[in-house]
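# Structure at a glance
Each chain, written out:
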Amino acid sequence: MIPLSYNRHRFPPPVIQHSIWLYLRFTLSYRDVEDLLAERGLDISYETVRRWVLKFGPMIARKLRQRRGRPSDRWHLDEMVIRIAGKHLYLWRAVDHEGEVLDMLVQRRRDRRAALRLMRKLLRRQGFTPKSLTTDKLGSYGAAFRHLGLTCPHEQRLRANNRAENSHQPVRRRERKMQRFKSGGSAQRFLSVHATVYNNFNLQRHLISRSTLRRFRADATTQWELAVAAA
């Protein structure tokens, strides 16, 4: 893939990169980013920030994914309803037992075929089969796993899938801030980038000491800077 170039842009790369980081790292709107930049003396329209995110965001996310280590082999799958243009769609998501987002897929249905599409995409991207799978009690998961010939334990007991349920919260916050997604395709593109940036900066700070948090935070910032430089 041809690397993206910052040539022919009015503002220097550090300003563009910082604007993208603000929008993807925090629950901000494009207008919020415009106001934050204006406070620093930068007269940049929110529409300009939007174009930067759409152009450079996917490449930066791709570089971040390439630098991530292998995730856990204990997977949690779940689906959530998102309302787009007056219609209910389903956002199918997979996370590991540490909360790292593995993959997601916006689909119109909540059936075996939809579960199969998610699992095939997930297995293709991760390149290995899990040691355990945890889902809610939707029967489509079991049918999809049997179709794929997966033999790992499949857990469906009450509250066993809280890890996946809790991982929906950042998506819900974004959905409210954006006043809902505008289309299934735009939701898929944005959430894929958002999940990658979330994984990079999700440090589980309540489980580690302050000194460890500082080290992990510095590592996450370094990974972001390397991905931005590579893009």
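Heads up: the structure comes first, above all this text.
All residue numbers refer to positions counted from 1 along the written sequence of the respective chain. Per-residue local features of the predicted model are confined to residues with pLDDT of at least 70, and side-chain atom pairs are confined, for both listing and counting, to 80 or more; whole-chain, interface and lining totals are unaffected and use all residues. Excluding hydrogens and water, the side-chain values take into account all heavy atoms of the structure.

Once that is clear, we can look at the overall build of the protein chain. Only DSSP runs of H or I reaching four residues or more are called helices, and only runs of E reaching two or more are called strands; each is numbered from the N terminus. Along the protein chain, the regular secondary structure elements total nine helices and five strands. Along the protein chain, helices (α) and strands (β) appear in the sequence α-α-α-β-β-β-α-β-α-β-α-α-α-α when read from the amino end. All radius of gyration figures rest on C-alpha atoms, and the globule criterion is 2.2 Å times the number of residues raised to 0.38. For 231 residues, the compact-globule estimate of 2.2 N^0.38 gives 17 Å, and the C-alpha radius of gyration of the protein chain, at 19 Å, lies within 12% of that figure. Along the three orthogonal principal directions, the C-alpha set of the protein chain runs to about 55 × 45 × 35 Å.

The pairing of strands in a sheet comes from backbone hydrogen bonds and takes either a parallel or an antiparallel form. Two strands form a pair only when DSSP identifies at least two bridges running between them. As summarised here, the arrangement of the five strands in space is 3-2-1-4-5, forming an open sheet in which the pairing is mixed. The two strands at the open ends of the sheet, each matched to only one other strand, are strand 3 (101-107) and strand 5 (154-155). Relative to strand 2 (residues 87-96), strand 1 (residues 74-84) is paired through 10 bridges, and the arrangement is antiparallel. The residue of strand 2 that forms the bridge with Trp75 is Asp96. By definition, residues are in contact when any of their heavy atoms lie within 4.5 Å. Interaxial angles span 0 to 180 degrees and are taken between N-to-C directions of axes, which are lines fitted to C-alpha atoms, for helices over the stretch in contact. Where helix 7 (residues 169-177) meets the sheet, its contacts fall on strand 1 and strand 2, and the angle it forms with strand 1 comes to roughly 20 degrees.

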